[in-house]
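Listed below are the residues making up each chain.
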Amino acid sequence: MRVRSLVITPAMEGTRVRALLKKELLLSDALISRLKRRERGICLNGEKCYTNVYPKAGDVLSAEVGDERPHRPRPWAVPLPIIWQD
C-alpha cells in the first residue's frame, strides 16, 4: 500500500483531519469516504482516527492512498503489412 503522511505544524493545529486530508494531501471527498471504511485507512500517530479530530502540532497524519501503480509498458511502433485493402 502507498501511504501519504503529513507532520502537523503549529500553523495546522486546530484544523480538522478531513480539511488537512483535502488541503494538504490533496485527497478527494470520495477517497476520504473510502478510507474511513478501511481498518488502517486514516491514522493519527499510527492509530485509526476519525475525520472530525483536531490534531496537535507534531502529530503524524497518514492515509493509505492505494496500491502501487503497476508499471505500464511504453507503446512501440510495429510495422504491419497490409494484406488486403478495399
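The structure we're discussing is the one just above.
Below: a short report on this structure. What you are looking at is a predicted structure, and each value in this text was computed from that prediction instead of being measured.

1. Some remarks on the environment of Ile-8
Thinking step 1. Position of Ile-8 relative to the elements: it lies in the loop between strand E1 (2-7) and helix H1 (17-23).
Thinking step 2. Residue class for Ile-8 comes out buried when judged on its relative accessible area of 2%.
Thinking step 3. With 32 residues separating them along the chain, Ile-8 and Arg-40 place their C-alpha atoms 19 Å apart.
Thinking step 4. Apart from residues no more than four positions distant in its own chain, Ile-8 is found in contact with Glu-13, Leu-20, Pro-55, Lys-56, Ala-57, Gly-58, Asp-59 and Leu-61.

2. Here's the deal with the pattern of salt bridges
Thinking step 1. Under the defined criterion, the tally for this structure stands at three salt bridges.
Thinking step 2. Between Arg-18 and Asp-29 there is a salt bridge, with its nearest N and O atoms 3.6 Å apart. Of this pair, Arg-18 sits in helix H1 while Asp-29 sits in helix H2 (residues 29-37), placing them eleven residues apart in sequence.
Thinking step 3. Linking Asp-29 and Lys-22 is a salt bridge whose minimum nitrogen-to-oxygen distance equals 3.2 Å.
Thinking step 4. Judged by relative accessible area, which is 38%, Asp-29 ranks as partly exposed.
Thinking step 5. A single network of salt bridges, built from pairs that share partners, joins Arg-18, Lys-22 and Asp-29.

3. Looking at the sheet that holds strand E2 (residues 42-44)
Thinking step 1. Spatially, E1-E4-E2-E3 is the arrangement adopted by the four strands of the open sheet, whose pairing is antiparallel. Every interior strand has two partners, whereas the edge strands, E1 and strand E3 (47-48), have only one.
Thinking step 2. In the sheet, E1 pairs with strand E4 (residues 60-66) via six bridges, with the strands oriented antiparallel. Paired with Leu-6 across the strands is Leu-61, a residue of E4.

Scoring rules and cut-offs
Residues numbered from 1 in each chain as written. Predicted model: local features only at pLDDT ≥ 70, side-chain atom pairs only at ≥ 80, totals over all residues. Heavy atoms only, no water. Helix = DSSP H or I, 4+ residues; strand = E, 2+ residues; numbered from the N terminus. Buried < 20%, exposed > 50% of the residue type's maximum accessible area, 1.4 Å probe, protein only. Contact = heavy atoms within 4.5 Å. Salt bridge = Lys/Arg side-chain N within 4 Å of Asp/Glu carboxyl O. Pairing = 2+ DSSP bridges.

Spatial relationships are all this shows, so hold off on functional conclusions.
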